[in-house]
Amino acid sequence: MSVQNVLDTIKENSIMFVDFRFVDLSGHAHHITLPATEVDADTFVNGVAFDGSSIPGFRGIEESDMVMMPDTDSSFIDPFTDHPTLNIMCNIFTPDGERYERDPRSIAQKAEEYLQTTGVGTAAFFAPESEFFIFDDVRYESKMNTSFYSVDSAEAGWNTAKTEEGGNLGYKVPVKGGYVPVAPVDSQQDIRSEMVRLMQESGLRVERHHHEVATAGQAEINFRFDTLTKTADNLLKYKYIINNVARQWGKVATFMPKPLFGDNGSGMHVHSSIFNGDSPLFYEKGAYANLSPLALNYIGGILHHAPALIAITNPSTNSFKRLVPGYEAPVNLVFSKGNRSAAIRIPVAAVTPKGCRIEFRTPDSTANPYLAFAAMLLAGLDGIKRKLDPIALGYGPFDKNIYELSDEDKKEIRSVPGSLDEALDALEADSEFLTEGGVFTQDFIDNYVAFKRAEAKAVAIRVHPHEYSLYFDC
């Protein structure tokens, strides 16, 4: 979309405000809103200034001036504002016109540019399956003398005996019993459909929605794949719509990986493939799962670099409460066709040559999608460059349920790191693949590790409520 197209959209839709947005290190969107009367062609040349020092992990106060440069292709009309508003994602530049090396969206674009310089292909496509919960109530607190969280859902399995106004009507979702039941067990059909409707109006091509495995309102909505940066933009739009629809319905949505103890967590399974023009590069008919040698090398790169990669694709302390065996958690660094206990699954049902792809099941939605998709692509490209064969390296294929293997058989299977600190250690030891082509800089990686170490420390030094039940009477 050209600048003139955006200006025409503003006029034709009686837009009153233009909302300029950017994303921070953690993947949260921020915005500054201008009256539409103040937006003209020069706005897209000069950008919109903001204070970078007020954004965690960005800039020091001595160099705080930053500039948002709008990307016209990302614009969409906000479905929630009372006053007609056009939203536009932006890249971040320094005042002297340089692309800011800590801007996640710019890193995603540099990854796409690097792919084209390698001669491997022209475009990488991504499709995340970002699961979430819809709760009716959430409360939490962490102070020096108290620490707790409490969530509730009318459909939760723990509410079978709850006294409710008008009577308890039953049809609660059992623990691990929520996968695709019909109403009245699935009580959230209409709210998910409303989310889908607004996604479609906002330009997303939605493929399906359904209730997920966990009790208490776990859900999934799938939208169509696109190129790397566009898919990251779409994921931010997706989360924005889900969060705001939930709020309109008097509920709250969360993409937290493990909000409930004892039931499935929420992942972000990421499908990816590489094309050269219109030609898919991952397909070879008759091979294992119809995977080409190039696709196998891509898998080899991701699995080889997975411990470091997970510091970016699973960047929260809560991530590692989901990554435990027994809850369909993909903790095993192997690949397989159809096996959901493997870190990489190859979908084989109803797959065409252009639909041939790999599914990295380990990530979750605490990841910044611009960074996560860029890091995945770089790991895969490194595997292609070095011709890493995942079969020769012992990464599979494993087509059995790995959780049911004997301890002896499991010995040779690598697992994901056990904590955020372990993943950050791995990233510090293995980061060269990220700096290829100048996509990530060492300054970015050092800053990112320090930022995430501070989060891990903040959790580690606080008293946990369960420690009282373990140690209070010692």
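None of the values given here were measured: they were computed from a predicted structure.

Lay out the overall build of the chain with the relevant residues and their values.
When helices and strands are counted, the chain shows 12 helices and 18 strands. Its C-alpha atoms give the chain a radius of gyration of 23 Å, near enough to 23 Å, the size a compact globule of 474 residues would have. Structurally, the chain occupies a C-alpha span of about 65 × 60 × 50 Å along its principal axes. Residues classed as buried in the chain amount to 53% of the 474 residues present. A separation threshold of at least 6 residues defines the contact pool for the chain, and within that pool the share at least 24 residues apart is 68%. Within the structure as shown, the chain displays about 21600 Å² of accessible surface, and the carbon and sulfur contribution to it stands at 51%.

Before we move on, could you go through the pattern of salt bridges and cite the residues and values that matter?
Where charged atoms from two side chains of opposite charge approach closely, those side chains can pair. By the definition in use, this model includes 23 salt bridges. Taking the shortest distance from any N to any O, the salt bridge between Asp19 and Arg21 comes out at 2.7 Å. According to the relative accessible area criterion, Asp19 is buried, its value standing at 3%. On the basis of relative accessible area, Arg21 is assigned to the buried category, the value being 11%.

So what's going on with unusual backbone geometry? Residues and values would help.
At the junction of Ala183 and Pro184, the peptide bond is cis and its omega measures out at 5° in the coordinates. Within the element layout of this structure, Pro184 appears in the loop between β9 (147-152) and α4 (189-201). Here the amide bond leading from Gly396 into Pro397 is cis, since omega sits at 5°, within 30 degrees of zero. Within the fold, Pro397 resides in the loop between α8 (369-386) and α9 (407-410). The phi dihedral of Ser14 is positive, around 50°, even though this residue is not glycine.

Pulling in residues and values, what's your account of the packing of aromatic side chains?
This structure, assessed with the given rule, holds 17 aromatic pairs. Centre to centre, the rings of Phe132 and Tyr238 are 6.4 Å apart; their planes meet at 85°, and the pair counts as edge-to-face. With Phe132 in strand β7 (residues 123-135) and Tyr238 in helix α5 (residues 228-248), the pair connects residues that are 106 residues apart, well separated along the chain. Judged by its relative accessible area of 0%, Phe132 falls in the buried class.

An account of the nonpolar core is requested, with residue identities and associated values reported.
Within the largest apolar cluster, 95 residues are counted, with the highest numbers of intra-cluster contacts made by Met195, Tyr238, Ile274, Leu377 and Phe440. Once residues lying within four places of it in the same chain are set aside, the contact partners of Tyr238 are Ser130, Phe132, Met199, Leu204, Ile221, Phe223 and Phe255.

Before we move on, could you go through the environment of Gly265 and cite the residues and values that matter?
Note on placement: Gly265 falls in the loop between β13 (252-254) and β14 (268-276). Between the C-alpha atoms of Gly265 and Thr352, which are 87 residues apart in sequence, the distance is 30 Å.

Give me helix α1 (residues 3-12): which residues, what numbers.
For α1, every residue scored as buried is listed here: Val6, Thr9 and Ile10. For α1, the arc enclosing every buried residue in end-on projection is 100°, short of the 170-degree limit, so these residues lie on one face. Of the exposed residues in α1, those oriented more than 90 degrees away from the buried face are Lys11 and Glu12. Contacts made by the buried residues of α1 are with β1 (17-23), α2 (43-46) and β6 (85-93). Remark: Ser14 follows α1 within two positions and exhibits a positive phi of approximately 50°.

For the environment of Glu164, give the residues involved together with the corresponding values.
Mapping Glu164 onto the fold places it in the loop between β9 and α4. The spacing of Glu164 and Ala295 is 131 residues in sequence and 54 Å in space, taken between C-alpha atoms.

Pulling in residues and values, what's your account of the pairing of strand β8 (residues 137-142)?
In the sheet, β8 pairs with β9 via 6 bridges, with the strands oriented antiparallel. The residue bridging Arg139 from the neighbouring strand is Ser150, located in β9.

Please set out the packing of helix α10 (residues 420-429) against helix α11 (residues 442-460) residue by residue, giving values where relevant.
Between α10 and α11, the shortest axis-to-axis distance is 10 Å and the interhelical angle comes to 165°. As summarised for this structure, α10 and α11 are arranged roughly antiparallel, according to the angle between their axes. As for the relative orientation of α10 and α11, their crossing is left-handed in sense. Across from Leu420, Asp421, Leu424, Asp425, Leu427 and Glu428 in α10, the residues of α11 making contact are Ile445, Tyr448, Val449, Lys452, Arg453 and Ala456. Class assignment for the residues of the contact of α10 with α11 results in 7 nonpolar, no polar and 5 charged.

Give me α10: which residues, what numbers.
Among the residues making up α10, those that are buried are Leu420, Ala423, Leu424, Ala426 and Leu427. The buried residues of α10 occupy an angular sector of 155° when the element is viewed end-on, so they sit on one face. Structural note: α10 exposes Glu428 and Ala429 on the side pointing more than 90 degrees away from its buried face. In this structure, the buried side of α10 is in contact with α6 (293-313), α7 (319-322) and α11.

Can you tell me about the side chain of Gln109, naming the residues and giving the values?
Note that Gln109 resides in helix α3 (residues 104-118). Classification of Gln109 by relative accessible area gives buried; the value is 15%. A polar atom in the side chain of Gln109 sits 2.8 Å from the side chain of Asn91. The contacts of Gln109, once residues within four sequence positions are left out, are Asp71, Asn91, Arg99 and Thr229.

Can you tell me about the pairing of strand β17 (residues 342-345), naming the residues and giving the values?
Both strand β16 (residues 332-336) and β17 contribute to a ladder of 3 bridges, which runs parallel. In the strand pairing of β17, Asn332 is matched with Ala342. The pairing of β17 with strand β18 (residues 358-360) spans 2 bridges and is classified as antiparallel. Its bridge partner being in β18, Ile344 is matched across the sheet by Phe360.

Parameters and conventions
Residues numbered from 1 in each chain as written. Predicted model: local features only at pLDDT ≥ 70, side-chain atom pairs only at ≥ 80, totals over all residues. Heavy atoms only, no water. Helix = DSSP H or I, 4+ residues; strand = E, 2+ residues; numbered from the N terminus. Rg over C-alpha atoms; globule rule 2.2 N^0.38 Å. Buried < 20%, exposed > 50% of the residue type's maximum accessible area, 1.4 Å probe, protein only. Contact = heavy atoms within 4.5 Å. Areas by Shrake-Rupley, 256 points an atom, 1.4 Å probe, with all protein chains shown as cover. Salt bridge = Lys/Arg side-chain N within 4 Å of Asp/Glu carboxyl O. Phe/Tyr/Trp six-rings, centres within 6.5 Å; stacked < 30°, edge-to-face > 60°. Core = buried A, V, L, I, M, F, W, Y, C linked by side-chain atoms within 4.5 Å. Arc of directions from axis to C-beta. Pairing = 2+ DSSP bridges. Axes fitted to C-alpha atoms, helices over the stretch in contact; angles between N-to-C directions. Parallel < 35°, antiparallel > 145°, perpendicular 65-115°, else oblique. Left-handed = near helix turned anticlockwise from the far one by under 90°. Nonpolar A, V, L, I, M, F, W, Y, C, P; charged D, E, K, R; others polar. Polar contact = N/O pair within 3.5 Å; in protein donor to acceptor, adjacent residues only side chain to side chain.

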